[in-house]
Amino acid sequence: LGQIGNFLGGTAGARKEIADIGFKDTYLLQQYVVRGDDCQILKAYPYENWVVYAETDAGTKTFLGEQPTRPTYQDIDKLLEDKGVASKWAREAGLGKEFK
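Residues numbered from 1 in each chain as written. Predicted model: local features only at pLDDT ≥ 70, side-chain atom pairs only at ≥ 80, totals over all residues. Heavy atoms only, no water.

## Observations concerning the pattern of salt bridges
For the structure shown, the criterion picks out 6 salt bridges. A salt bridge links Arg-35 to Asp-77; the nearest nitrogen and oxygen atoms lie 2.6 Å apart. Linking Arg-35 in the loop between strand 1 (27–34) and strand 2 (37–44) with Asp-77 in helix 3 (residues 73–82), this pair joins segments that are 42 residues apart in sequence. A salt bridge links Glu-81 to Arg-35, with the nearest nitrogen and oxygen atoms 3.6 Å apart. Placement of the pair is Glu-81 in helix 3 and Arg-35 in the loop between strand 1 and strand 2, with a sequence separation of 46 residues. (Salt bridge = Lys/Arg side-chain N within 4 Å of Asp/Glu carboxyl O. Helix = DSSP H or I, 4+ residues; strand = E, 2+ residues; numbered from the N terminus.)

Below, the structure is given as structure tokens:
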């Protein structure tokens, strides 16, 4: 399955190989869609922590949190939950408050 993921553009295999020979991320910006919201993780040397941002309903970026390890989808989901951000579909259906 990992080989199929790499063939389709996945980076997990290449990232593991690079880490195995001692290279560390110096700058990485990656985007995810979590709960329907555009979220970004950022790692920039020399800062040690990874930071997480999300786009609000108004289209601005807001800081969600930071952590020493690369955030997973589940980590970002928890940050959104901790901030009280409802899923985008729920907000659009009037079941959740606006994400500011």
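## Overview of the nonpolar core
For soluble globular proteins, nonpolar side chains are generally found buried alongside one another. Leu-64, Ile-76 and Leu-80 are the most contacted members of the largest nonpolar core, which totals 13 residues. Taken together, the elements giving at least two residues each to this core come down to strand 1, strand 2, strand 3 (50–55) and helix 3. Residue contacts for Ile-76: discarding those within four places in its chain leaves Tyr-32, Val-34, Cys-39, Ile-41, Val-52 and Pro-71. (Core = buried A, V, L, I, M, F, W, Y, C linked by side-chain atoms within 4.5 Å. Buried < 20%, exposed > 50% of the residue type's maximum accessible area, 1.4 Å probe, protein only. Contact = heavy atoms within 4.5 Å.)

## Some points on the sheet that holds strand 3
Judged by pairing direction, the sheet is antiparallel, and its 4 strands sit side by side in the order 1-2-3-4 without closing on themselves. Among the strands making up the open sheet, the edge pair consists of strand 1 and strand 4 (61–67). Mean inter-strand twist for the sheet, computed between neighbouring axes without regard to direction, equals 25°. In the sheet, strand 2 pairs with strand 3 via 4 bridges, with the strands oriented antiparallel. By the bridge assignment, Leu-42 is partnered in strand 3 with Val-51. (Pairing = 2+ DSSP bridges. Axes fitted to C-alpha atoms, helices over the stretch in contact; angles between N-to-C directions.)

## Some details on the side chain of Thr-56
Structurally, the position occupied by Thr-56 is in the loop between strand 3 and strand 4. Residues within four places of Thr-56 in sequence aside, it is in contact with Thr-62, Phe-99 and Lys-100.

## Section: the environment of Tyr-27
If you trace the backbone, Tyr-27 turns up in strand 1. A relative accessible area of 56% places Tyr-27 in the exposed class. Placed 15 residues apart in sequence, Tyr-27 and Leu-42 show a C-alpha to C-alpha distance of 7.4 Å. Tyr-27 has contacts with Leu-42, Lys-43 and Ala-44, leaving out every residue within four places of it along the chain.

## Details of unusual backbone geometry
The peptide bond linking Tyr-45 to Pro-46 adopts the cis configuration, its omega dihedral lying at 5°. Relative to the helices and strands, Pro-46 is located in the loop between strand 2 and strand 3. The backbone of Arg-35 sits at a positive phi, close to 60°, despite the residue not being glycine.

## Some words on the pairing of strand 2
With 8 bridges joining them, strand 1 and strand 2 adopt antiparallel strand pairing. The partner of Leu-28 across the bridge, within strand 2, is Lys-43. Linkage of strand 1 to strand 2, two consecutive antiparallel strands, is achieved through a turn of 2 residues, within which Arg-35 is found at a positive phi near 60°. Where strand 2 folds back onto strand 3 in an antiparallel hairpin, the turn is made up of 5 residues.

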